[in-house]
Amino acid sequence: MFEFKVLAVCPETGARAGELTTPHGVIRTPVFMPVGTQATVKAMAPWELEEIGAQIVLGNTYHLYLRPGAELVAEAGGLHRFMSWAHPILTDSGGFQVFSLADLNRVTDEAVVCRSHLDGSRHVMSPEWSMRVQELLGSDIAMCFDQCGPFPADHGQAEAALVRTTLWARRSQEAHRREDQALFGIVQGSVYDDLRLRSAEEIIELGFPGFGIGGLSVGEPHEVMYHVLDLLNGVMPREKPRYLMGVGYPSNVVEGIARGVDMFDCVLPTRNGRNGTLFTSFGRVNIKGKQYEHDFGSIDPECGCRLCRGFSRAYLRHLYHCGEILAARLCTLHNLSFTLNLAARAREAILDGTFPAFRAEFNAKFVDGPGRDAGGER
C-alpha cells in the first residue's frame with residue numbers, strides 16, 4: 001500500500017526524484033504540499049488545487065480536533081470525503097502547536113496540557129491522543145507526536161526536546177493501528193550537530209517508512225538550515241522519503257531539494273498571497289505598492305497561471321485597495337502555482353540530469369529582498 005522509489009539522483013548534490021505510492025494515489029517527488037489547516041486550503045477550492053497540480057495537501061490534527069472534531073470527520077467518511085479531496089492527505093501530529101502555542105501549554109514527558117486558543121477549554125495532548133485523532137481523520141500519512149524546540153535554544157533545552165521526541169515516537173508507534181496509514185518519525189535536535197545525528201540515529205532505528213525533519217524554519221538563518229540538511233543528507237536512509245516540515249520559501253525549497261529533501265509544506269504561499277505578496281521568477285512583489293497603479297503588465301511573464309495569463313498588476317492592486325475577495329484568491333492561486341511548479345521543474349531537471357544548472361539559474365534570478373521590481377524589465 002505504501003512504496004517509495006527513487007528514480008534518479010543528482011550526483012553533484014544528492015537531489016532526488018522519486019515516486020511515493022499511497023492509498024489515494026502516487027505522489028511524484030520532490031513535492032510541495034499546500035496547507036489545509038482546517039480541512040481547506042484558504043481561498044482555494046479542491047478542483048482549483050487539482051488544476052494547478054497539487055498532488056497532496058496537509059491537514060492540522062490539533063485544529064481539526066478542536067473543530068469540527070475528529071469523530072465528526074470520521075462520521076462523514078474521513079477527511080478525504082469531508083473536504084472532497086480524492087488525493088493523498090498528510091496530517092501533522094499537533095506537536096507543532098506545542099511550540100507555536102507555548103504560552104497556553106504545560107509540557108511533561110507524559111503529555112501536553114493545553115488551553116484551546118478558541119475558548120480556553122482544557123485539553124490533554126499525548127502520542128496516544130495524536131494517533132487516535134489522526135486515525136479518525138483517515139489521512140494517508142500521519143506524523144509522530146513530537147516536541148519542536150524554539151530558536152534560539154541552548155544545548156540542554158534542545159537535548160530535552162530530543163529525548164522527549166524519541167520517547168513520544170516510540171509511544172506513537174505502539175499506539176498506531178491503522179494499516180492503510182503510514183506513520184512518519186520526526187528528527188529533532190535544533191541546530192546542534194551532535195543532537196541532530198543522535199536524533200536521526202534514534203528515530204531511524206525505529207524503522208518508520210518515512211521521516212520528517214522538524215525544528216527548522218523557526219527563526220534560524222538560512223545558512224544554518226542548510227548546514228543541518230547537509231548533515232542529515234549523509235545519514236538519512238536513501239530508500240525512504242524525507243519531509244522538511246514547515247518550509248516553503250522558494251529559495252529554501254530549491255536548496256532543500258539540493259540536499260535530498262523530497263517533501264515540503266508551508267503556509268507561506270497562501271498567507272503571503274492573502275497579504276498581497278507574490279512569488280515570481282525574479283523575486284517577491286508587494287502588489288499593493290504605488291508603483292503598480294498604472295502597470296498593465298503581467299505579474300510574472302514566465303508564469304502560466306490564470307492570474308498571470310489574464311490580469312494586470314494595476315488591476316490586482318486595485319482589487320486589494322478595494323478590499324475585494326478576488327485579490328486574495330488570485331494571489332493565493334498564483335503563489336501556490338509558482339511553488340508547485342518550482343518543485344515539478346526541479347524534479348524534471350533531476351530526471352534530465354540538469355539540476356545543477358536549474359539551481360544556478362533559479363538562484364541567479366530569484367531576488368530575496370523586496371527592493372527589486374520582479375517580473376518586468378531587468
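Cut-offs applied
- Residues numbered from 1 in each chain as written.
- Predicted model: local features only at pLDDT ≥ 70, side-chain atom pairs only at ≥ 80, totals over all residues.
- Heavy atoms only, no water.
- UniProt positions renumbered as here; feature names shortened; annotations may be inferred.
- Helix = DSSP H or I, 4+ residues; strand = E, 2+ residues; numbered from the N terminus.
- Expected span 1.5 Å × (residues − 1).
- Contact = heavy atoms within 4.5 Å.
- Axes fitted to C-alpha atoms, helices over the stretch in contact; angles between N-to-C directions.
- Parallel < 35°, antiparallel > 145°, perpendicular 65-115°, else oblique.
- Nonpolar A, V, L, I, M, F, W, Y, C, P; charged D, E, K, R; others polar.
- Buried < 20%, exposed > 50% of the residue type's maximum accessible area, 1.4 Å probe, protein only.
- Polar contact = N/O pair within 3.5 Å; in protein donor to acceptor, adjacent residues only side chain to side chain.
- Phe/Tyr/Trp six-rings, centres within 6.5 Å; stacked < 30°, edge-to-face > 60°.
- Pairing = 2+ DSSP bridges.
- Salt bridge = Lys/Arg side-chain N within 4 Å of Asp/Glu carboxyl O.

Under an unreviewed UniProt entry, the protein chain has the name Queuine tRNA-ribosyltransferase and belongs to Fretibacterium fastidiosum. Quoted verbatim from the Sequence similarities (unreviewed entry) field of the UniProt record, the comment on the protein chain reads "Belongs to the queuine tRNA-ribosyltransferase family." We quote the UniProt Pathway (unreviewed entry) comment for the protein chain here in full: "tRNA modification; tRNA-queuosine biosynthesis."

### Some points on helix α7 (residues 155–175)
Each α-helix winds once per 3.6 residues, and so residues spaced three or four apart point in a common direction. Its 21 residues give α7 an end-to-end C-alpha distance of 30 Å, which sits within 8% of 30 Å, the value for a rise of 1.5 Å per residue. In this structure, the buried side of α7 is in contact with β7 (105–107), β8 (112–115), α6 (127–137), β11 (182–187) and α8 (193–205).

### Some words on the packing of α7 against α8
Contact pair α7 / α8: the axes reach a minimum separation of 10 Å and the direction vectors enclose 5°. Viewed along their axes, α7 and α8 adopt a mutual orientation that is roughly parallel. Contacts from H155, A158, E159, L162, V163, T166 and A169 of α7 reach α8 at D194, L195, R198, S199, E202 and I203. Its residues assigned to classes, the contact of α7 with α8 shows 6 nonpolar, 3 polar and 4 charged.

### Brief notes about the UniProt feature "active site" (unreviewed entry) in the protein chain
As annotated by UniProt and renumbered to match this structure, "active site" (unreviewed entry) occupies D92 and D265. A compact arrangement is adopted by the annotated residues: their sequence extent is 174 residues, whereas the largest C-alpha distance between any two is 10.4 Å. Considering the arrangement of structural elements, one finds D92 in the loop between β6 (89–91) and α5 (95–100). Given the relative accessible area of 11%, D92 is considered buried. Setting aside anything within four residues of it in sequence, one finds D92 in contact with G59, N60, T61, Q97, Q134 and M143. Discounting chain neighbours no more than four positions away, the residues touching D265 are F32, M33, V35, L58, Y243, L244, M245, G246, V247 and G248. Side chain to side chain, D265 and Y243 meet in a polar contact 2.6 Å long.

### Regarding helix α14 (residues 325–352)
With 28 residues, α14 ought to run about 40 Å at 1.5 Å a step, and its terminal C-alpha atoms sit 40 Å apart, in line with that. Looking one or two residues beyond α14, the residue adopting positive phi is G353, at roughly 80°.

### Notes on the packing of aromatic side chains
The geometry of an aromatic ring pair is captured by the separation of the ring centres together with the interplanar angle, meaning the angle of the planes. A full pass over the atoms with the stated rule returns 11 aromatic pairs. Ring geometry for Y249 and F279: centres 5.8 Å apart, planes at 85°, overall edge-to-face. On the criterion of sequence distance, the pair formed by Y249 in the loop between β13 (242–244) and α10 (250–258) and F279 in strand β15 (residues 277–280) is long-range, its members being 30 residues apart. For the pair Y249 and F279, a shared accessibility class is recorded, and that class is buried. Among the aromatic residues, those joined into a cluster by ring pairs are Y249, F279, F338, F362 and F366.

### Overview of the sheet that holds strand β3 (residues 25–29)
Pairing is antiparallel across the open sheet formed by 3 strands, whose spatial order is β1-β2-β3. Strand pairing shows two members of the sheet lacking a second neighbour, β1 (3–9) and β3, which therefore form its edges. Taking each pair of neighbouring strands and ignoring which way they run, the sheet shows an average axis angle of 15°. When strand β2 (residues 16–22) meets β3, the two strands line up antiparallel, connected through 5 bridges. Note on β3: the bridge partner recorded for T22 is G25. Each of β1, β2 and β3 touches α14; the most contacted strand, β2, lies at about 115° to it.

### Some words on the pattern of salt bridges
Enumeration according to the criterion identifies 17 salt bridges in this entry. Across the pair R313 and D295 runs a salt bridge whose closest N-O atoms are separated by 3.2 Å. Of the two residues, R313 is situated in helix α13 (residues 313–321) and D295 in the loop between β16 (283–286) and α12 (306–310); the sequence distance between them amounts to 18 residues. Via salt bridges that share partners, D230, E255, R259 and R359 belong to a single interconnected network.

### A closer look at the sheet that holds strand β5 (residues 57–59)
Sheet architecture is open: 8 strands sit in the order β4-β14-β13-β12-β11-β10-β6-β5, paired in parallel fashion. Lying at the two open borders of the sheet, with one neighbouring strand each, are β4 (31–34) and β5. Strand-to-strand twist of the sheet, defined as the mean angle between neighbouring strand axes without regard to direction, takes the value 30°. The pairing of strand β12 (residues 211–213) with β13 spans 3 bridges and is parallel. The residue bridging I213 from the neighbouring strand is L244, located in β13.

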